[in-house]
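Residue-level structure breakdown
So the chains spell out like this:
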Amino acid sequence: MSALREKTAWRALEQHKDDIAQQHLRDLLAADPGRAERYRAEAVGWRLDYARHRIDDQTLTHLFALARECGLEARRDAMFAGEKVNTTEQRAALHVALRTPSRKSIKVDGVNVVPDVHAVLKRMAELANAIREGRWLGFSGRPIRNIVNIGIGGSDLGPVMAFEALRHFSDRALTMRFVSNVDYTDFAEAVHDLRPDETLFIVASKTFTTLETMTNAHSARDWLLAAASGDEKAVAKHFVALSTNEKAVEAFGISTQQMYGFWDWVGGRYSMDSAIGLSTMIALGPDAFHEMLAGFHAMDEHFRTAPLERNLPVIMGLLGIWYTDFFGAETVAVLPYEQYLKRFPAYLQQLTMESNGKHVTIEGSAVDYATGPIYWGEPGTNGQHSFYQLIHQGTRLIPCDFVGFGQSLNPSGRHHDLLLANMIAQAEALALGKTLQQVKDEGISDELAPHRVFEGNRPSSLLLAERLTPHALGSLVALYEHLVFTQAAIWDINPFDQWGVELGKQLALRVVDEIESPRKPLHHDSATNAAITWYRKARRKTEAAAPAAKEKPAHRVLAIDIGGSHVKAMLSGNPREVEIKSGRTLTPEAMIKLLRPAIRSWKYDAVSIGYPGPLLHDRIARDPHNLGKGWMGFDFAKAFGCKVKVINDAAMQALGSYEGGRMLFLGLGTGLGTAFIVDGIIEPMELAHLPYKKGTFEDYVGTRGMKHLGKKKWHAHVVDVIEQLKAALEPDYIVLGGGNVRHLPELPEGVRRGDNKNAFKGGFRLWENKA
Ligand SMILES: O=P(O)(O)OC[C@H]1O[C@H](O)[C@H](O)[C@@H](O)[C@@H]1O
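Per chain, the residues get numbers from 1 upward, laid out in the order the sequence is written. Only residues with pLDDT of at least 70 get local features here, since the model is predicted, and only at 80 or more are side-chain atom pairs given and counted; chain-wide, interface and lining totals rely on the full set of residues. Only hydrogens and water are set aside; all other atoms, that is, all heavy atoms of the structure, feed into the side-chain values.

Per an unreviewed UniProt entry, the protein goes by the name Glucose-6-phosphate isomerase and belongs to Dyella psychrodurans. UniProt positions are given in the numbering used here, feature names are shortened, and annotations may be inferred rather than shown by experiment. Taken directly from UniProt, the Catalytic activity (unreviewed entry) text for the protein runs: "alpha-D-glucose 6-phosphate = beta-D-fructose 6-phosphate". We quote the UniProt Function (unreviewed entry) comment for the protein here in full: "Catalyzes the reversible isomerization of glucose-6-phosphate to fructose-6-phosphate."

See below:
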């Protein structure tokens, strides 16, 4: 049995639960007119009304005793003191430092971090003011008017929740958007009515490696550059980064001057008042942001200093333990009667569930009690017309947190009275219910009566404040943060790590590779294999339709076709071709050195390279036969300073010649390049080395064969090879490319002559569908 279950207070609660389970809130409230007064606590402008809980004084005594027995106060003090309470990552969890006034000190590893916090806040304020005052200009000289925050999890939910919650206080001349999902729809819809030259992207990511955020950030860059005629200088005017990872920010192309940092002791879901709050600060202005921080800090101080018995986060946390561990409640509903808090439940889901969804103790042993409940909710009164039925008459116990404000920010007629009346009435109905007798007394028939009964005895809290201000929001969020901490302390779990999100992420990388390499054999379980196979088929249709459907902003692509005697290059949208000499000693460094002066004035943001040799998983697998060394493992992206795709040269020309269906491409040059494209999926092949006569295909139809056999015989072999491959692969048509095609006087049926310029077209096409 776990140490927790053996605690005196835990055992006392187990016994006591049976007493309480038999009592009804109706009776508890009736028997004690002072209950509402006694079960009420206030702090930082918030009033917690917890009289409608299935508790009595005894329950509370045991719960507070449990908190003490579990060392809640010492654990809390350790967190505030900057100790490494995030044990599995060996980090402090010091979100409280983010809102600590500058005159105070909090040390991590002996260093006061408060000055650093305020230095970043100051820089954030400078940027926020520049934007709010129209001083920050986009690439066309127009002021920035749109802010798009790109982030996910803690780098999205806090910012979007805070913006929605405090929209009333925001600068309405600014348009705020939030993009999180890797589904491109999220980005497309967020920007569809925005002018790129008036839009600032905030790339928010603690790690700056998160797949969704990086993918969206690259799409944002493409979207901007398409409007800025590929001018890379525009990026500096339209991108800022919020992160702890300086190197990755620089690698993305955002200078550190436009990076707003934070620290590894800030957890993602605890980061909304770090630099991650930049969008909030821009929307509200620095003063209101500081007001919000003051609200956080006031609640921090309350949690740190108030006796447990009057401590709001502690009381709420312990009530949660009571239902989760002693009544088997599995969820908590959060029901704000305030439209501006519409994203608050979503925000709380990450805060509570990513923190306390844990199955082992800090020491690593399995827990034998329930931990973090499921949080969910919607603003009232909307929820009353959808899921409240189950809370009232379903078979589950669902404790509810009602959140309400005395004043509306948009007062009009009876609206606010009706809103608050509903909230209070719901709490009353849940607690008291309606007995069979009451139903019958209303004249309801015997058959119908059971359906109209409300069992009641459903617990709820009322969390009330005067007005939803930045200060009130800050203290509300801090209240839940510390509630989560309180519960983690009782359960003896680490609320600051999130290993549970890793496995899915890792598997997704493997699956995406398999999806994008459709011929890779699958070695998952049968269900996973089936799902991947289903999607491979589905995406073939998308690919086939892609040329017509494409609407992604175009890249400016530099296409390079590397051959044995020449390297040729062309820029998309520019018909001029440049050529440099190639040869047996050509290294990639030398190629770039020779190419650079010839293409100096060309502006591009992506490069395609047609490489005369085999590739494996988009990487060069072998140095080419006819060139120098050093091609394998060469970092082209670094050398060109942008994204680079390397593809087999025949495959690149094939792609440029492709007109749908099943196409076989044969490149007749020094060797025999081959590629096959089926419904838009390209498969480079090494058919050249298959046995033929006394050698291989290449020996007979390559340049050596032509020289050795004479053109006439060579021609006959070409026709023969074509016929053999036609029979084996059943293409709809064959395209012949490569320098030696010109030596063929006539072509067999179903065979077309490809234009060598198609190599460039293929290089451009490589960037058409995917970023
Ligand atoms: O801010 P980032 O490093 O991009 O992380 C964004 C989010 O992704 C992760 O998967 C974590 O589960 C979250 O805790 C985090 O907030």
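Continuing now.
Here we come to the sheet that holds strand β11 (residues 374–376). Spatial ordering of the open sheet is given by β1-β2-β13-β12-β10-β11, a layout of six strands whose pairing is mixed. Only two strands of the sheet have a single neighbouring strand rather than two, namely β1 (40–43) and β11. Strand-to-strand, the axes of this sheet are offset by a mean angle of 15 degrees, without reference to chain direction. The pairing criterion for strands is at least two bridges between them, as found by DSSP. Each helix is a run of H or I in the DSSP string that is no shorter than four residues. Each strand is a run of E no shorter than two, and both are numbered from the N terminus. Both strand β10 (residues 331–336) and strand β12 (residues 400–405) contribute to a ladder of four bridges, which runs parallel. By the bridge assignment for β12, L335 is matched with F402. Helix axes use the C-alpha atoms of the stretch in contact, all axes being lines fitted to C-alpha atoms, and the angles between their N-to-C directions lie in the range 0 to 180 degrees.

Note that patches include only residues with greater than 30% relative accessible area and no salt bridge, and the join distances are 9 Å for like charges and 5 Å for nonpolar side chains (Val, Leu, Ile, Met, Phe, Trp, Tyr). Methods summary: accessible areas were calculated by the Shrake-Rupley approach with a probe of 1.4 Å, and residue burial reflects only the protein chains presented. Take a side-chain nitrogen of Lys or Arg and a carboxyl oxygen of Asp or Glu: if they are within 4 Å of each other, that pair is a salt bridge. A surface patch of nonpolar side chains, amounting to about 260 Å² of accessible area, comprises L211, L509 and V512. Inspection of the secondary structure assignment puts L509 in helix α21 (residues 502–516).

A separate point is the confidence of the model for the protein. Predicted confidence across the protein gives a mean pLDDT of 94, with 99% of residues reaching 70 or more. With pTM at 0.74, the complex prediction returns an ipTM value of 0.92. Values of pLDDT, ranging from 0 to 100, describe the predictor's confidence in every residue of the model.

Multiplying 1.5 Å by the helix residue count minus one yields the expected span of that helix. Look at helix α14 (residues 312–326): 21 Å from first C-alpha to last across 15 residues, which is about the 21 Å you get at 1.5 Å a residue. The cut-offs for exposure are 20% and 50% of the maximum accessible area for each residue type, with area from a 1.4 Å probe on protein chains only; residues under the lower value are buried, those over the upper are exposed, and the others partly exposed. Within α14, 15 of the 15 residues are buried, which leaves the element mostly enclosed by the surrounding structure. Once α14 ends, the next one or two residues include G328, with phi positive near 70 degrees.

With that settled, the discussion passes to the UniProt feature "active site" (unreviewed entry) in the protein. With numbering aligned to this structure, UniProt lists the feature "active site" (unreviewed entry) at E354, H385 and K505. A maximum C-alpha distance of 36.7 Å is found for the annotated residues, which run over 152 residues; spatially they are spread out rather than grouped. Turning to its location among the elements, H385 is positioned in the loop between β11 and α16 (388–393). Residue K505 is classed as partly exposed on the basis of its relative accessible area of 47%.

The next subject is the side chain of S2. Relative to the assigned elements, S2 resides in the segment before α1 (8–21). Beyond its immediate chain neighbours, meaning those up to four positions away, S2 contacts D368 and Y369. Note on contacts: a residue pair is in contact if any heavy atoms of the two residues lie within 4.5 Å.

What follows concerns the domain arrangement of the protein. For the domain bounds, the source is a domain assignment made automatically or taken from a database. Looking at the assigned domains, one finds that the protein contains domain 1 (8–70 + 306–497), domain 2 (107–286), domain 3 (501–545) and domain 4 (557–766). If you average the C-alpha positions of domain 1 and of domain 2, the two centres end up 35 Å apart. Across the contact, 24 residues belong to domain 1 and 17 residues belong to domain 2. Together, the buried faces of domain 1 and domain 2 total about 1800 Å²; carbon and sulfur atoms form 65% of this surface. Here the quantity called buried area is the accessible surface, traced with a 1.4 Å probe, that two parts lose on coming together, added over both.

Here F208 lies in the loop between β7 (199–204) and α9 (211–227). It is 7.8 Å that separates the C-alpha atoms of F208 and T244, two residues lying 36 residues apart in sequence. Not counting chain neighbours up to four residues away, the residues in contact with F208 comprise V203, M214, A241, L242, S243, N245, A248, V249 and F252.

Another point: the site of the ligand. Taken together, 13 residues are adjacent to the ligand, and S155, S205, T207, T210 and E354 come closest. In protein, a polar contact means a hydrogen-donor-capable atom and an acceptor-capable atom, both N or O and within 3.5 Å, with residues adjacent in sequence counting only if both atoms are side-chain atoms; elsewhere, any N or O pair within 3.5 Å suffices. One of the side-chain nitrogen or oxygen atoms of S205 is found 2.5 Å away from an oxygen atom of the ligand. Here K505 contributes a side-chain N or O atom positioned 3.0 Å from an oxygen atom of the ligand. Nonpolar residues are Ala, Val, Leu, Ile, Met, Phe, Trp, Tyr, Cys and Pro. Charged residues are Asp, Glu, Lys and Arg, and all others, Gly as well, are polar. Taken together, the residues of the shell around the ligand break down into two nonpolar, eight polar and three charged. Residues are classed as near a molecule or strand on a simple rule: at least one heavy atom within 4 Å of it.

Let's shift gears to the packing of helix α6 (residues 114–132) against helix α13 (residues 286–305). Look at α6 against α13: their axes get within 10 Å of each other, and the N-to-C directions meet at 145 degrees. Residues L121, M124, A125, A128 and N129 of α6 lie in contact with α13, whose contacting residues are P286, F289, H290 and L293. Taken together, the residues that form the contact of α6 with α13 break down as seven nonpolar, two polar and no charged.

It is worth spelling out the pairing of strand β17 (residues 606–611) at this point. With six of its six residues buried, β17 lies for the most part within the structure. Side chains of β17 alternate between two faces, with A606, S608 and G610 and V607, I609 and Y611 buried alike. Across five bridges, the pairing between strand β14 (residues 557–562) and β17 is parallel. Along β17, the bridge assignment pairs D561 with G610. Relative to strand β20 (residues 643–648), β17 runs parallel, the two being bridged by six bridges. Its bridge partner lying in β20, I609 is registered against V646.

Before going further, it helps to spend a moment on the nonpolar core. In this structure, W46, W265, F344, L473 and Y480 are the most contacted members of the largest nonpolar core, which totals 130 residues. Here this core spans two domains, and each of domain 1 (8–70 + 306–497) and domain 2 (107–286) adds at least three residues to it. Ignoring any residue separated from it by four or fewer positions in sequence, one finds W265 in contact with A92, A93, L94, H95, A97, L98, V108, V113 and V117. Grouping buried Ala, Val, Leu, Ile, Met, Phe, Trp, Tyr and Cys residues that are joined through side-chain atoms within 4.5 Å yields what is termed a nonpolar core. The next biggest cluster of nonpolar side chains, apart from the first, holds 26 residues, and it includes I150, A190, W223 and I254.

Attention now moves to the pattern of salt bridges. Following the criterion strictly, the structure yields 42 salt bridges and no others. Taking the shortest distance from any N to any O, the salt bridge between D231 and K233 comes out at 3.7 Å. Residue classification places D231 among the partly exposed residues on the basis of a relative accessible area of 25%. For the salt bridge of E723 with K726, the shortest nitrogen-to-oxygen distance reads 4.0 Å. With E723 and K726 both in helix α28 (residues 711–729) and three residues apart, this pair spans about one turn of that helix. Exposure remark for E723: the relative accessible area of 37% places this residue in the partly exposed category. Residue K726 is classed as partly exposed on the basis of its relative accessible area, which comes to 25%. Where salt bridges share partners, they join R99, D273, D300 and E481 into one cluster.

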